[in-house]
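Commentary on secondary and tertiary structure
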Amino acid sequence: MLTKFESKSARVKGLAFHPVRPWVCSTLHNGVIQLWDYRVGTVIDRFEEHDGPVRGVDFHLLQPLIVSGGDDYKIKVWDYKLRRCLFTLLGHLDYIRTVQFHPNAAQFSWILSASDDQTLRLWDFEKRTCLSVLTGHNHYVMSASFHPTEDLIVSASLDQTVRVWDTTGLRKKQNGDGQSGFDGVSFSLGNNSSAQGQGQGQGDRPSQGGLNVQAELFGTNDVVVKYVLEGHDRGVNWAAFHPTLPLIASAADDRQVKLWRMSETKAWEVDTLRGHANNVSCCLFHPKQDLVVSDSEDRSIRVWDVSKRVGVQTFRREGDRFWILAAHRNQNLLAAGHDSGMIVFKLERERPASAIGNANKLFYVRGRELFCHDYSRISNGSVGVDVPITSLRRVGQQAQTDGIGSAPRFLTFNQHNPTEGNVLVCSEVDGGCYELVTFSLTGSGSVTDGKRGSCMGPACFIGRNRFAVLDRSSRQIVIKNLNNETTKRVQPPAPTVDGIFDGGASGRLILRADDRAILFECQSRRVLNEINAPKMKNVIWSPDGSKVAILCKFGVIIADRQLDQLCCITDTVRIKSGAWDATPTGGTANEIFVYTTLHHVKYCLATGDTGTIRTLDNPIYAQMVMKDSLFCLDREARAKVVAIDTTEARFKLALSKKQYGKVMHMVKHSRLCGRAIVGYLQSKGFPEVALHFVRDPRTRFRLALACGNIDAAIECALTIENQGESKDGGREIWGQLGGEALRQGNHQVVEMSYQKTKDFDRLSFLYLITGDTAKLQKMLKISNMRGDIMGRYHNALFLGDAAERIKVLEESGNLALAFISAKLHGLEENAERIQVAIETNGGSVEGLLENIDTSTKKAGCLLQPPTPIIKGANWPTKDVEKTTLENFEGGDEYDEDEAAKIDIDMTQDGGWDDGGGTFEEEAKTSGLDAALDDLDLGDDDLGDWDDDLDLGDDMADEPEVDEMAGLSNMETDYGFSLPEAGRAPAACWSTNSSHAAVHIAAGGTAKAMQLLNRQIAVSDFDVLKNAMIGSYLGSMMSMPGVPGSPSVTVPLLANDTVGHPGSESLPRTSLKMKNLVTGIRSGYRFFQGGKFNDSKAAFTSVLIDIPLVVTDNRGEANEVKEMLEICREYITAIRIKGVISENVTNPARCTELSAYFTHCNLQPAHLLLALRAAMGTAFKFKNFISAASFARRLLELPDMSSERNADLRVKATKVLQKSELMARNDHELNYDESSSFKIDCKNFTPIYSGGDSIKCSFCGSEYDSSMKNQVCLTCTFCTVGVKTIGLVTGS
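Residues numbered from 1 in each chain as written. Predicted model: local features only at pLDDT ≥ 70, side-chain atom pairs only at ≥ 80, totals over all residues. Heavy atoms only, no water.

What follows concerns the overall build of the protein. Each helix and strand in the protein was counted, giving 30 helices and 63 strands. A total of 1291 residues make up the protein; the buried ones form 51% of that total. (Helix = DSSP H or I, 4+ residues; strand = E, 2+ residues; numbered from the N terminus. Buried < 20%, exposed > 50% of the residue type's maximum accessible area, 1.4 Å probe, protein only.)

So, in structure tokens, the structure goes:
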């Protein structure tokens, strides 16, 4: 059983699948109806109007309706779009057990209900009336359901019978006159207020009341009993029709499931299925297989083979009784409700085993046959022909039953052998097995099979006549020849390897171990590389073997042939399949990876760009991509060709490869549109490309500003203005245009923008700095016409017109200021006139000039506008040619066929391979080795080591006045364009790397924190604050500028040794490998001296710095990961040491902790100290068995043979002898030396193999499930139990 979804809730009594959407509706014993999306595992809605348990529920096939029935005797019809109850049907007199819409929903608006009042009722929910009351049962009616295609109803009752009812008469009656049979049945509308009446328009007939009473008591002859099935010894809980055959299955309290067959005249019992140990609650026929599924109060779900009438599978659940089953109409999905919730599950995987062979051939398994689908042959208009190869033998105990997991899981084709066909078919039945099939590729010759064996996971070919399997018992890689003879056994590099996949070249494998993918060479037994791949499912190599796509459960990782990661993408739903583009022309082969999810086809590029190609009605499994065709298999293993449009992917690929001619060709001739493409081009720094095909004026305006195209921006601004946009919107548009034009020095456009926005202050200042005195005079007149006092004064000030300024001050009532200005500028006549006005108003001019310095010439200096040095149209600019991306006509010059030839020539490199490294890298000495070489492990100062061994602007609009009439028209001839501005280094850094330290150096702290949270689940960033600040400050240097100017900030680049890297630049980071090595050395030294707090601080500091260290090569990356493990082990050991000191009065716990201490992965010299302390503790507390164990391990250490440890060797020998004499432990310990275990870093207890545990995403510390979503106690800043991609070390 494959569980797809599981919920926790109160007891589930009713279930129903939505016919189209991924929804399941569950009704609970507490009266709540829950609507779940089982694909994403969330509750969509809840309905809570029933009073008491709700036992029945169903979806309408066409309308957004749900019907439910409960213990409150009510049937409610809900609209899940309106999220409310539409009406309530009243009539039943006891609990309602089941409700169902008619399966022919387009023709019949019927609802069938079964109740404990011993009746069934048929309702017309459109007329909201009862059509018929079915009486005949003499006990509770537990279930009732329509036949999928015929006019039949089956019901089950506690009277130990199953009844089949014929509704032909009712159907004819309804189709004949369209009148409902009963008009006096109660119903209520959306407000749930019940209404009792005698019908709608027919209440005057005198015989109507008598007819209703008769129908209620004795039923009608519209629906008649066709068969009564008797055979159960106790009450029957459920009965169900077969979808196509004349069969009925029933489940009863006698713990039996019975099969019944019907004919036109009679029905009889076929067989009884026995096996349940308690009441059988529900049963149904599987919608796609010849199976019966039943569940029971014995806490089990059983699967029965209808043809053989035997049980074939049993699924048990501890502590929960099952009550209800439901099956999806179209998909292979089942749901079961139990005491604490429900589960949605499948009985087997639906992915067909398949593999692409040579010459466009697809090999796959359908049923028990191995087929070859030849895409090169066309038959009856379809692409490809199915050619059967051979029949496969089924394996396992359920080998003869389809639909329960006996189908092959994996299929591998031998790409290394061009002369004949070799196929490995693997199954997971009985622990895993494989079958080798050999056949001729030409279609003639016999098929050789019969070579079988056991394996774990998939098997794969590693040469022309060799294949590899993973031995399921020893976990060894077994190499075999085509005669199925073992030629070699290879021990994998990790003991947790549970799957092997094709390595892309002869003799190579990709191993799956925990959440890692390891590239392994079998001949030399070397690990070439490894990569983090959580929940890895499959490996797909590109046709030329240059790239590999690793499919994980919720993501895709693209890597090169040396397994160096190129990109990683994640998705919210499960990845189903994938295939590389194999188009021979166009340059897209081996570059575009197309993958499918449950409902979408998507693409991924090696640059990390992704997108959605199309939606799917049903899941498909991609096999090959050729141009705009996706060759795939459906769940029935039928070959299909799905049309796809990869234009967007090819466009992004051409842009990433800087094939600008091809980009412009696609812009002109392809249908590229949408906000996603526009946003993508802007994010990549190519707004000029988006400008060519965007038609929305606002979007075009924004893009034109981004690429500095003033002409296009003016055109868009005028278009927006003509469209009658709002006043505020127009001001914003022209304001943005003016700002960009001012940046480029195009003051003519700036002038027009200020005129459009009526920004008179800025316009006056523009005329001032450009020296246009004539237009300043006109601005003075305009401000006078507008009555703008401040505008008049400013313009007069800019013009140096003292008389006008005095006039403005005088008219505004500032006579004192006007008098002072007149005096300072020598305008005596004006001063005398103003003095008279002041004195007339009772004022005085005495003392006004006392505080003003008039003794120097500067005191009365007249402010004059500056004289412009050059009077020109605009600032001078440099003529530049249009780039290919700006030239729309450049798209016509691109020849796709010629470009394809160039691509082919460039890729023919003669088969040279770089080998993935240099001799210099191999010869480097590890920084860790250097740290160990410099470490003094003498016994001079043991510190705390002891073995314990006793041995805006507001103006009125005046549309009638043309305020700009005095200004001359702008020039429209722009002969120059501004050179394109380069990108800031910080912008390049964040684009070129996904490492958090690089984004911090670029100033993108939010993005860096997001990356750290996604990659290693960092949740407490306060711990990393100092390291992050150091990374930011260390990437820049500051140099003093000229006097009076600010300092110049210069970026420090990491890849500028040969020359300036341009847009490919990366920053230098302050944290390097040597900082980590220094920290490790300090931690070792303090640990050796027994200064455990200082040692823990040193290792913690290294642990904090590791996420922000950028490595230069693969060797450094591996060293960083090794240091991470060292820090984790030593911090755990030191924490255990602290807990030991707290438990000195508890002998058992103290001995346990000492034992766990020796299982931390320490350096040999430190392990010697740990074993010595543990031996002393165990001996002291008379745990002689444990003391002997520690003594043996101590004596086996290589360092014990040295002369300086002679005394310790003698002491350990004595402890061993005495412990073997005593041979007892005084205290019972939670410690088993013979079993491998990991230490719970919270409780310091062992987690044995197979135990439930979770890890820290960063440091890998193990915890029990109670620590999920809490901060790790080892690294102190990451969340435990979150599955992530892991630590990213390279830039």
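Right, let's get into the pattern of salt bridges. If you walk through the whole model with that rule in mind, you get 42 salt bridges. Taking the shortest distance from any N to any O, the salt bridge between Arg11 and Asp339 comes out at 3.1 Å. Note that Arg11 is positioned in the loop between β1 (2-8) and β2 (12-17) and Asp339 in the loop between β29 (334-338) and β30 (341-346), a separation of 328 residues in sequence. In this structure, the salt-bridge partner of Glu1262 is Lys1238, at a minimum N-O distance of 3.4 Å. With a gap of 24 residues between them, Glu1262 in strand β63 (residues 1262-1263) and Lys1238 in strand β60 (residues 1237-1239) connect regions that are remote in the sequence. With a relative accessible area of 7%, Glu1262 lands in the buried category. In this structure Lys1238 comes out as partly exposed when scored by relative accessible area, which is 44%. Taken together, the shared-partner salt bridges in this structure form one network comprising Glu6, Lys8, Arg317 and Asp320. (Salt bridge = Lys/Arg side-chain N within 4 Å of Asp/Glu carboxyl O.)

Considering the arrangement of structural elements, one finds Asp581 in the loop between β51 (577-580) and β52 (592-596). The side chain of Asp581 sits in the buried core without any salt bridge; Arg650 is the nearest counter-charge, 6.3 Å away. A distance of 3.4 Å separates the side chain of Asp581 from the side chain of Thr588, its partner in a polar contact. Once you skip the residues sitting within four places of it in the chain, Asp581 turns out to touch Pro543, Thr588, Ala589, Asn590, Ile592 and Val625. (Lys, Arg positive; Asp, Glu negative; His and termini not counted. Polar contact = N/O pair within 3.5 Å; in protein donor to acceptor, adjacent residues only side chain to side chain. Contact = heavy atoms within 4.5 Å.)

What follows is about the pairing of strand β32 (residues 361-366). Taken across its six residues, β32 has six buried, putting it largely inside the fold. In β32, alternate side chains face the same way, and those of Lys361, Phe363 and Val365 on one face and Leu362, Tyr364 and Arg366 on the other are all buried. The pairing of strand β31 (residues 354-356) with β32 spans three bridges and is classified as antiparallel. In the strand pairing of β32, Ala355 is matched with Phe363. If you look at the hairpin formed by β31 and β32, you'll find four residues sitting between the two strands, and Ala359 has a positive phi there, around 55 degrees. (Pairing = 2+ DSSP bridges.)

Here we have four strands laid out as an open sheet, ordered β10-β11-β12-β13, and antiparallel in their pairing. A single partner strand is all that each edge strand has here, and the edge strands are β10 (96-101) and β13 (129-135). Averaged over all adjacent pairs, the angle separating strand axes in this sheet is 20 degrees, with direction ignored. Both β10 and strand β11 (residues 110-115) contribute to a ladder of five bridges, which runs antiparallel. Paired with Ile96 across the two strands is Ser115, which belongs to β11. (Axes fitted to C-alpha atoms, helices over the stretch in contact; angles between N-to-C directions.)

What follows deals with unusual backbone geometry. You will see that Arg83, though not glycine, has its phi angle at about 60 degrees, which is positive. By secondary structure assignment, the location of Arg83 is in the loop between β8 (74-79) and β9 (84-90). In the Ramachandran plot, Lys1182 falls in the positive-phi region, its phi being about 60 degrees despite a non-glycine side chain. As for its position among the elements, Lys1182 is in the loop between α28 (1164-1180) and α29 (1184-1195).

Across the interface, helix α3 (residues 647-656) lies against helix α4 (residues 660-669) with an axial gap of 8 Å and an inter-helix angle of 150 degrees. When the axes of α3 and α4 are compared, the pair comes out roughly antiparallel. The way α3 lies across α4 gives a crossing that is left-handed. Residues Thr647, Arg650, Phe651, Ala654 and Leu655 of α3 form the contact with α4, whose participating residues are Tyr660, Lys662, Val663, Met666 and Val667. Broken down by class, the residue content of the contact of α3 with α4 amounts to seven nonpolar, one polar and two charged. (Parallel < 35°, antiparallel > 145°, perpendicular 65-115°, else oblique. Left-handed = near helix turned anticlockwise from the far one by under 90°. Nonpolar A, V, L, I, M, F, W, Y, C, P; charged D, E, K, R; others polar.)

Turning to the sheet that holds strand β27 (residues 310-316), a few remarks are in order. Taken together, the four strands give an open sheet; going across it, the order is β24-β25-β26-β27, and neighbouring strands pair in antiparallel fashion. Taken across any chain shown, the strands that pair with only one partner, and hence form the sheet edges, are β24 (280-285) and β27. Each strand axis lies, on average, 20 degrees off the axis of its neighbour in the sheet, ignoring direction.

The next thing to look at is the pairing of strand β39 (residues 460-463). As judged from the three bridges shared by β39 and strand β40 (residues 466-470), these two strands associate in the antiparallel manner. Within β40, the residue paired with Gly463 across the bridge is Arg466. Connecting the antiparallel pair β39 and β40 is a turn made up of two residues.

Averaged over all residues, the pLDDT of the protein is 81; the fraction at 70 or higher stands at 82%. Low pLDDT (under 50) marks residues 177-211, which in the prediction has 68 contacts with non-local residues, meaning those over four places away or in another chain. Counted against residues more than four places away or in other chains, residues 888-893, with its pLDDT under 50, gives 12 contacts. (pLDDT = per-residue confidence, 0-100.)

Further remarks concern the nonpolar core. As a rule of thumb, soluble globular proteins bury nonpolar side chains together. The biggest cluster of nonpolar side chains holds 92 residues, and the ones touching the most others in it are Phe1099, Ile1106, Ile1136, Leu1194, Phe1258 and Cys1275. With 12 residues, the single largest contributor to this core is helix α26 (residues 1114-1142). If sequence neighbours within four positions are ignored, Ile1136 has contacts with Leu1153, Tyr1156, Phe1157, Cys1160, Ile1239 and Phe1244. Leu28, Trp36, Leu334 and Ala335 belong to the second-largest nonpolar core, a separate cluster that totals 45 residues. (Core = buried A, V, L, I, M, F, W, Y, C linked by side-chain atoms within 4.5 Å.)

Right, let's get into the environment of Asp1199. Positionally, Asp1199 belongs in the loop between α29 and α30 (1206-1222). Not counting residues up to four positions away in its chain, the partners in contact with Asp1199 are Pro1164, Ala1165, Leu1168 and Asn1205.

The next subject is helix α14 (residues 802-811). All buried positions along α14 are accounted for by Ala802, Glu804, Arg805, Ile806, Val808 and Leu809. You can read the cap of α14 off the contacts: a side-chain oxygen lies 3.4 Å from the backbone nitrogen of Ala803, and it is on Asp801. One or two steps after α14, the chain reaches Gly813, where phi turns positive at roughly 90 degrees.

Here we take up the side chain of Ser1065. Tracing the backbone shows Ser1065 in the loop between β59 (1048-1051) and α24 (1073-1088). Engagement of the side chain of Ser1065 in a polar contact is seen with the side chain of Trp989, the distance being 3.3 Å. Discounting chain neighbours no more than four positions away, the residues touching Ser1065 are Pro985, Cys988, Trp989, Asn992, Leu1053 and Asn1055.

This paragraph deals with a positive patch on the surface. A surface patch of like charges, here positive, comprises Arg349, Arg351, Lys535, Lys537 and Lys1268. Relative to the assigned elements, Arg349 resides in the loop between β30 and β31. For Arg349, a relative accessible area of 42% corresponds to the partly exposed category. (Patch = residues over 30% accessible without salt bridge, like charges linked within 9 Å, V, L, I, M, F, W, Y side chains within 5 Å. Areas by Shrake-Rupley, 256 points an atom, 1.4 Å probe, with all protein chains shown as cover. Charge placed at Lys NZ, Arg CZ, Asp CG, Glu CD.)

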